[in-house]
Structures are given as C-alpha cells and as structure tokens.
Amino acid sequence: QVQLVESGGGLVQPGGSLRLSCTASGSIFSIYAMGWYRQAPGKQRELVARVTNDGSTNYANSVKGRFTISRDNAWNTVDLQMNSLKPEDAAVYYCAGTIATMGGSLNDYWGQGTQVTVSS
C-alpha cells in the first residue's frame, strides 16, 4: 500500500504565504509524478501544480508566478510554496501521485486533503 500525507494548511490573510508538504510512503517502487490539486466548495477539483520524475513542472494559469512546486532528492516529498495568496485560492488541497508499487501495479494515489483558508 501507498500513503500520501499532507501538512501545512491553515488560515492566512490575503497576500500571505503558506507552504504545503506531502510525503509518500509505503510499498513504493517508483514515483512517476506528484502534484497538488484543489477543490473549492461547489467547484470541480482542479490541477494546481505537478512535477514529473524528470523534473518537468506545470502549473494552473491562475497560480503561475505565485506558487512553486518542488521535490526532494529522495523523491518522496513534494512541497507547494504558495505566495501572494488570494481569497480565490481557498480550497481543500490534495496531494496526488502516480506511483508504481513493489507489487507491480501503477496507480494514482491521493492524500486526505488539507484546508487552505485565505481571509482577512
């Protein structure tokens, strides 16, 4: 089994910063990509940022220049640095990973989500 655990959400004022962290653990053979998605009330879940195993990144247009995704050298932790936060960034943020397990399966795994609230 594979587990993704997020941390770092919370309440921040508009213009402030937060850093989210996600750690993958379990029966991992290889991680192909990890990313952050978000879902606001009444809206569909959307991609925020994603990084692949070759280091390529992509971002939602709404966060370009404000958010930065990064991974550690061991490739089991992915962070999302969020700067200049806006009220419209408020959502539940989910970590996701495309991961091959020791047992030979390749699946998408999701964390439990962490709440980000942007409010004065």
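Above this text sits the structure in question.
Cut-offs applied
Residues numbered from 1 in each chain as written. Predicted model: local features only at pLDDT ≥ 70, side-chain atom pairs only at ≥ 80, totals over all residues. Heavy atoms only, no water. Helix = DSSP H or I, 4+ residues; strand = E, 2+ residues; numbered from the N terminus. Rg over C-alpha atoms; globule rule 2.2 N^0.38 Å. Buried < 20%, exposed > 50% of the residue type's maximum accessible area, 1.4 Å probe, protein only. Areas by Shrake-Rupley, 256 points an atom, 1.4 Å probe, with all protein chains shown as cover. Lys, Arg positive; Asp, Glu negative; His and termini not counted. Charge placed at Lys NZ, Arg CZ, Asp CG, Glu CD. Core = buried A, V, L, I, M, F, W, Y, C linked by side-chain atoms within 4.5 Å. Contact = heavy atoms within 4.5 Å. Pairing = 2+ DSSP bridges. Axes fitted to C-alpha atoms, helices over the stretch in contact; angles between N-to-C directions. Salt bridge = Lys/Arg side-chain N within 4 Å of Asp/Glu carboxyl O. Disulfide = S-S within 2.5 Å.

Caption draft 1: Structural view of the overall build of the protein chain. Along its length, the protein chain carries 0 helices and 11 strands. Ordering the α and β elements of the protein chain from the N terminus gives β-β-β-β-β-β-β-β-β-β-β. Taking 14 Å as the expected radius of gyration for a compact globule of 120 residues, we find that the protein chain reaches 14 Å, a close match to that expectation. Once the C-alpha set of the protein chain is aligned to its principal axes, its extents read approximately 45 × 25 × 20 Å. The burial tally for the protein chain puts 41% of its 120 residues in the buried class. Surface accessibility of the protein chain: about 6100 Å² in total, with carbon and sulfur atoms responsible for 47%. Counting 9 positive and 8 negative side-chain charges, the protein chain places the averaged centre of each group 5 Å from the other.

Caption draft 2: Spatial organisation of the nonpolar core. In this structure, Trp36, Leu80, Met82 and Tyr93 are the most contacted members of the largest nonpolar core, which totals 30 residues. Residues in contact with Met82, not counting those within four places in the same chain, are Gly16, Ser17, Leu18, Leu20, Arg66, Phe67, Tyr93 and Val116.

Caption draft 3: Region of interest: the sheet that holds strand β3 (residues 18-26). The sheet built from 4 strands is open, its strands ordered β1-β3-β8-β7 with antiparallel pairing. At either margin of the open sheet sits one strand with a lone partner, and together these are β1 (2-7) and β7 (67-71). Sheet twist, expressed as the mean angle between neighbouring strand axes with direction ignored, is 15°. Across 6 bridges, the pairing between β3 and strand β8 (residues 77-82) is antiparallel. Across the sheet, the residue bridging to Arg19 is Gln81, located in β8.

Caption draft 4: The pattern of salt bridges, seen in detail. With the rule as written, the count across this model stands at 4 salt bridges. Here Arg38 makes a salt bridge to Glu46, at a shortest N to O gap of 2.7 Å. The class of Glu46 is partly exposed, set by a relative accessible area of 34%. With a shortest N-O distance of 2.7 Å, Asp89 and Arg66 are connected by a salt bridge. One end of the pair, Asp89, is in the loop between β8 and β9 (91-101); the other, Arg66, is in the loop between β6 (57-59) and β7, and 23 residues separate them in sequence. Assigned by exposure class, Asp89 and Arg66 land together as buried.

Caption draft 5: Here's a closer look at the state of the cysteines. Considering all chains together, one arrives at 1 disulfide under this definition. A disulfide bridge connects Cys22 with Cys95, and the sulfur atoms are separated by 2.0 Å. Handedness of the Cys22-Cys95 disulfide follows from its S-S torsion of about -80°: it is left-handed. With Cys22 in strand β3 and Cys95 in strand β9, the pair connects residues that are 73 residues apart, well separated along the chain. The same class applies to Cys22 and to Cys95, which are both buried.

Scope: geometric values only; no functional claims are made or implied.
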